[in-house]
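Reading the structure
The residues making up each chain are set out below.
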Amino acid sequence: EQSKEVMDGRKPVICVVGGGNASHVLIPYFSSKGHTVTVFAGHSDEAKRLSEAMAKHGGITVFDRCNPKNIREYKGKPDMISRDPRNVVPQADIVVMALPSFAFRPVLKQIKAHLKDGAIVFGMPGQGGLDLVSRSILGQDLDSGRVTVAGLIPMPLNCRIMEWGKSVDLASIKDSYDVAAVPAKNASMAAEVCTALFDRPARALSHYCAMALHASNPNIHPARLYGLFSDFKEGKVYSENPLFYETFDDKSAAWVSKVSDERLKIWKAVVRKSNGKAGRNDEVPDIKSYIIGIYGKQIHDSRTVASVFSTNDGFKGFRCPMKKVEEGAQQGWTLDFNNRYFTEDIPEGFCVYKGIADLAGVETPVIDEILGFFQKFMGKEYLVKGKLIGADVRDTKAPQAFGITTLEQYLRIGS
């Protein structure tokens, strides 16, 4: 029903959650397309600051360089901003959580009582255990069909705030999306809504497990970092902070490809052991095909895994997760283990790969090597003797953190 309303031309009301990088684009993007846009900013004084910024600047300006040969700008502002979900959620047909995955749980708890019948809650990106988190909070609403939670991959935008509340740099809007939903039967409807929102094709996935094993940041970031910094030791200082993507070399590409191969092996085992009920083999892509599919013409050389990253206009300008060191003779850069490439991608994504592998009985020596290397510098214990059974598994979004012990149980909960 929601999908039909969108496709028939009624502009759904959209509530954007938070004031982060993506929200800075989505607010003017949806507003410029004629949607009524509300903002739920429940963190600290974010709503107050955003309201003041809108009054001062008249909206947020997007500097859109998706096409470097045709850089353009547009501006828009929300119709209402509040830190109280009662003011901005009940009227929303669609709630967009473009947030770090660790924020999904507290936001869902805050908005639960205020979601209208038929509402769709999108998580962007859709990994990070959104299916299991939403089940634990919205279980009855999902079972009754009153609400749908959908995950979207890839994150639609590559963007960075230029001046908070005033301007944002948009490097790319991805060319296509995969969508998974809870309940799973609503994935096609959610994909149609996604297509209407972003004017780009969206494919429905059969089960959320395909989303959890998808090719995105958890496949890219840990493996690339291992390719760059496998020589890291506590206290090691580097002379520079390299560009993360433009310097992508064959060594890093090999690690990224090996993780991709293990993901596909896990997914094929899930499909086989579920007798196809979890989906089809082709629903989880290899990393190279995935990057080409979502960036398209922004890639100038698509011949190798390394080149789809290094020659990609959508990846320009991002540096490694490092922090400056200026202590006596120690001048340079060292890894920042408080950066989201570690604090989010590893427990919220990489550990999910490993957790599903354990449920499916699939060995993952490459994932194990990378996870085992970085966990000690993060001060965490996820992996013990090749299994995801460490003391800090409870803080991940792996199925095991939700008390799930079998593949059958995991697939049943996500259906």
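So, how was this worked out
Residues numbered from 1 in each chain as written. Predicted model: local features only at pLDDT ≥ 70, side-chain atom pairs only at ≥ 80, totals over all residues. Heavy atoms only, no water. Core = buried A, V, L, I, M, F, W, Y, C linked by side-chain atoms within 4.5 Å. Buried < 20%, exposed > 50% of the residue type's maximum accessible area, 1.4 Å probe, protein only. Helix = DSSP H or I, 4+ residues; strand = E, 2+ residues; numbered from the N terminus. Contact = heavy atoms within 4.5 Å. Expected span 1.5 Å × (residues − 1). Salt bridge = Lys/Arg side-chain N within 4 Å of Asp/Glu carboxyl O. Pairing = 2+ DSSP bridges. Right-handed = clockwise from strand over helix to strand, strands pointing away. Axes fitted to C-alpha atoms, helices over the stretch in contact; angles between N-to-C directions.

**With respect to the nonpolar core**
Counting residues in each nonpolar core, the largest one holds 103 residues, and the members touching the most others are Met97, Val270, Ile291, Phe309, Phe374 and Tyr410. For this core, the leading source of residues is helix H10 (residues 250–273), giving 10 residues. Look past the residues within four positions of Phe374 in its chain and what remains in contact with it is Pro222, Leu225, Tyr226, Phe337, Phe342 and Ile346.

**Let's talk about helix H3 (residues 46–57)**
In this model H3 runs 16 Å from its N-terminal to its C-terminal C-alpha over 12 residues, within 8% of the 16 Å that 1.5 Å per residue would give. At its buried positions, H3 is contacted by helix H2 (21–32), strand E2 (37–40), strand E3 (60–64), strand E4 (72–76), strand E5 (80–82) and strand E9 (157–163). Positive phi shows up at Gly58, right after H3, with a value of about 75 degrees.

**Section: the environment of Val16**
Along the chain, the position of Val16 falls in strand E1 (residues 14–17). Sequence separation between Val16 and Asn158 is 142 residues, and the spatial gap between their C-alpha atoms is 17 Å. For Val16, the residues in contact, after removing those within four places along its chain, are Ser23, Leu26, Ile27, Phe30, Val37, Thr38, Val39, Phe40 and Val96.

**A short note on the pattern of salt bridges**
Within this structure, the stated rule accounts for 21 salt bridges. Asp199 is paired through a salt bridge with Lys33; the nearest N and O atoms lie 3.0 Å apart. Pair noted here: Asp199 is in the loop between helix H7 (187–198) and strand E12 (202–204) and Lys33 is in the loop between H2 and E2, with a separation of 166 residues, a long-range link. What makes Asp199 exposed here is its relative accessible area of 56%. It is possible to trace a salt-bridge network through shared partners that takes in Asp117, Asp141 and Arg146.

**Here we look at helix H9 (residues 217–229)**
For H9, which comprises 13 residues, the first-to-last C-alpha distance of 17 Å matches the rise-based estimate of 18 Å (1.5 Å per residue) to within 8%. Across the 13 residues that make up H9, a large majority, 11, are buried. For H9, the set of buried residues is Pro218, Asn219, Ile220, His221, Pro222, Ala223, Arg224, Leu225, Tyr226, Gly227 and Phe229.

**Structural notes on the pairing of E2**
Neither face of E2 is left uncovered, since the one carrying Val37 and Val39 and the one carrying Thr38 and Phe40 both have all their residues buried. Two strands pair when backbone bridges link them, and E1 and E2 are joined in this way by four bridges, in the parallel orientation. In the sheet register, Val17 faces E2, and the bridge partner there is Phe40. For the segment spanning E1, H2 and E2, crossover handedness is right-handed. Note: E2 against E5, three bridges, orientation parallel. The residue bridging Phe40 from the neighbouring strand is Ser82, located in E5.

**Regarding the sheet that holds strand E8 (residues 147–153)**
What the eight strands build is an open sheet, ordered E5-E2-E1-E6-E7-E8-E11-E12; its pairing is mixed. The open sheet has two edge strands, E5 and E12, and neither has a second partner. The mean angle between the axes of side-by-side strands here comes to 25 degrees, regardless of whether they run parallel or antiparallel. Docked against the sheet, helix H6 (residues 130–144) engages strand E6 (94–98), strand E7 (119–124), E8 and strand E11 (177–182), running at close to 165 degrees with respect to E8.

**Considerations on the sheet that holds E9**
Read across the sheet, four strands follow the order E4-E3-E10-E9 without closing on themselves; strand pairing throughout is mixed. Looking at the sheet topology across the chains shown, the edges are occupied by E4 and E9. Mean inter-strand twist for the sheet, computed between neighbouring axes without regard to direction, equals 25 degrees. Of the pairings in the sheet, the one linking E9 to strand E10 (residues 167–173) comprises six bridges and is antiparallel in character. In the strand pairing of E10, Ile161 is matched with Val168. Against the sheet, H2 touches E3, E4, E9 and E10, its axis set at about 100 degrees to E9.

**Quick notes on the environment of Ala191**
Tracing the chain through its elements places Ala191 in helix H7. Residue class for Ala191 comes out buried when judged on its relative accessible area of 4%. The spatial distance from the C-alpha of Ala191 to the C-alpha of Gly151 is 9.7 Å, given a sequence separation of 40 residues. Excluding residues within four positions of it along the chain, Ala191 makes contact with Val179, Ala202, Arg203 and Ala204.

Purely geometric stuff here, so don't read any function into it on its own.
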